[in-house]
Amino acid sequence: DSRRRGLLLIGAAIVLTGLNLRTAVNSIGPVLQELESGLGLSSGLAGLVTSLPVICFAALSFAGPPLSARYRDSHILAGAMLAMAGGMALRAVAGSFWLFVVGTVVAMTGGALGNVLLPSLVKRHFPHRTGLLVGAYSTAMAVGAAIASVATAPIAAATGSEGWRWGLGIWAAFALLAALPWLAVPAAPRGSHSRPTVRMR
């Protein structure tokens, strides 16, 4: 029925989002040397690049609850995944360090929102299967992080002299894919508080 389909869609969206939450972070390390060379970075600026994810996650994680109180969660997470996709694409084509920083901050904004909102989403929509869904998206997060760590350097090596751009940018496609199911989640009808497990604010 429609309720079951709605739950399946939300569950798939949660897992796909988890898969993408660490790709923007874990794809930098394998091509950091090529990135330094390509953008002419000093060791200090390269160190700032590796620190940006931690800074962004700490600074932006507080934005999740206020946004969730005002907008539908499905729209926030669709926006978060689109921000990740746009940020990763921007830093892949960046011609300067500061443009790369902007792309990274945009991507990390999406990652921070997803990181903050997913646990509460699981509790709200799957109150009787919280452990299962938390395990599923945590596993997806670990898998996505591992794939980005392992695959980024080979992709960069296979795509030419500025292959680091492809190595970083390819993950934008997966974030874009993760936005689609959130966009497809229907709004809950008014007065549907009796069914909180399928309600998207």
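For the structure, see preceding data.
Quick notes on the rules
Numbers given for residues are sequential positions, taken from 1 along each chain in its written order. With the structure being a predicted model, the display of local features is reserved for residues of pLDDT at least 70 and the display and counting of side-chain atom pairs for 80 or more, all residues being used for whole-chain, interface and lining totals. Excluded from the side-chain calculation are hydrogens and water; included are all heavy atoms of the structure. Like-charged residues within 9 Å of one another, or nonpolar side chains (Val, Leu, Ile, Met, Phe, Trp, Tyr) within 5 Å, are grouped into patches, provided each residue has over 30% relative accessible area and no salt bridge. For the area figures, the Shrake-Rupley method with a 1.4 Å probe applies, and any residue is considered shielded solely by the protein chains shown. Any carboxyl oxygen of Asp or Glu that lies within 4 Å of a side-chain nitrogen of Lys or Arg is treated as forming a salt bridge with it. Secondary structure elements are defined from DSSP: runs of H or I of at least 4 residues count as helices, runs of E of at least 2 residues count as strands, and each element is numbered from the N terminus. Helix axes use the C-alpha atoms of the stretch in contact, all axes being lines fitted to C-alpha atoms, and the angles between their N-to-C directions lie in the range 0 to 180 degrees. In this scheme the crossing of two helices becomes right-handed for a clockwise turn of the near helix relative to the far one and left-handed for an anticlockwise turn of less than a right angle. Residue contacts are defined here by distance: any two heavy atoms, one from each residue, within 4.5 Å place the two residues in contact. Note on residue categories: nonpolar means Ala, Val, Leu, Ile, Met, Phe, Trp, Tyr, Cys or Pro, charged means Asp, Glu, Lys or Arg, and polar means any other residue, Gly included. Note on aromatic pairs: the rings of Phe, Tyr and Trp (six-membered ring only in Trp) are paired at centre separations within 6.5 Å, and the planes decide the class, stacked below 30 degrees, edge-to-face beyond 60, tilted for the rest. The cut-offs for exposure are 20% and 50% of the maximum accessible area for each residue type, with area from a 1.4 Å probe on protein chains only; residues under the lower value are buried, those over the upper are exposed, and the others partly exposed.

### Here we look at a nonpolar patch on the surface
Reasoning step 1: Residues L99, V102 and V106 make up a contiguous nonpolar surface patch of about 200 Å² in total accessible area.
Reasoning step 2: Locating V102 in the fold gives a position in helix 7 (residues 97-125).

### A look at the packing of helix 1 (residues 2-20) against helix 8 (residues 130-158)
Reasoning step 1: It is the contact of helix 1 with helix 8, at a shortest axis distance of 6 Å, that shows an interaxial angle of 35°. As helix 1 packs across helix 8, the resulting crossing turns out to be right-handed. Contact residues: G11, I14, V15, G18 and L19 in helix 1; L133, A136, Y137, A140, M141, V143 and G144 in helix 8.
Reasoning step 2: Residue classes in the contact of helix 1 with helix 8 are distributed as nine nonpolar, three polar and no charged.

### Looking at the packing of aromatic side chains
Reasoning step 1: In total, this model carries two aromatic pairs according to the counting rule given.
Reasoning step 2: Where F97 meets W98, the ring centres are 4.8 Å apart and the plane angle is 70°; that geometry is what we call edge-to-face.
Reasoning step 3: Overall, the relative accessible area of 59% leaves W98 in the exposed class.
Reasoning step 4: Relative to F174, the ring of W171 has its centre 5.6 Å away and its plane inclined at 35°; by these criteria the two rings are tilted. One end of the pair, W171, and the other, F174, are both in helix 10 (residues 171-184), three residues apart, so they sit about a helical turn from each other.
Reasoning step 5: Given the relative accessible area of 5%, W171 is considered buried.
Reasoning step 6: We classify F174 as partly exposed; its relative accessible area is 39%.

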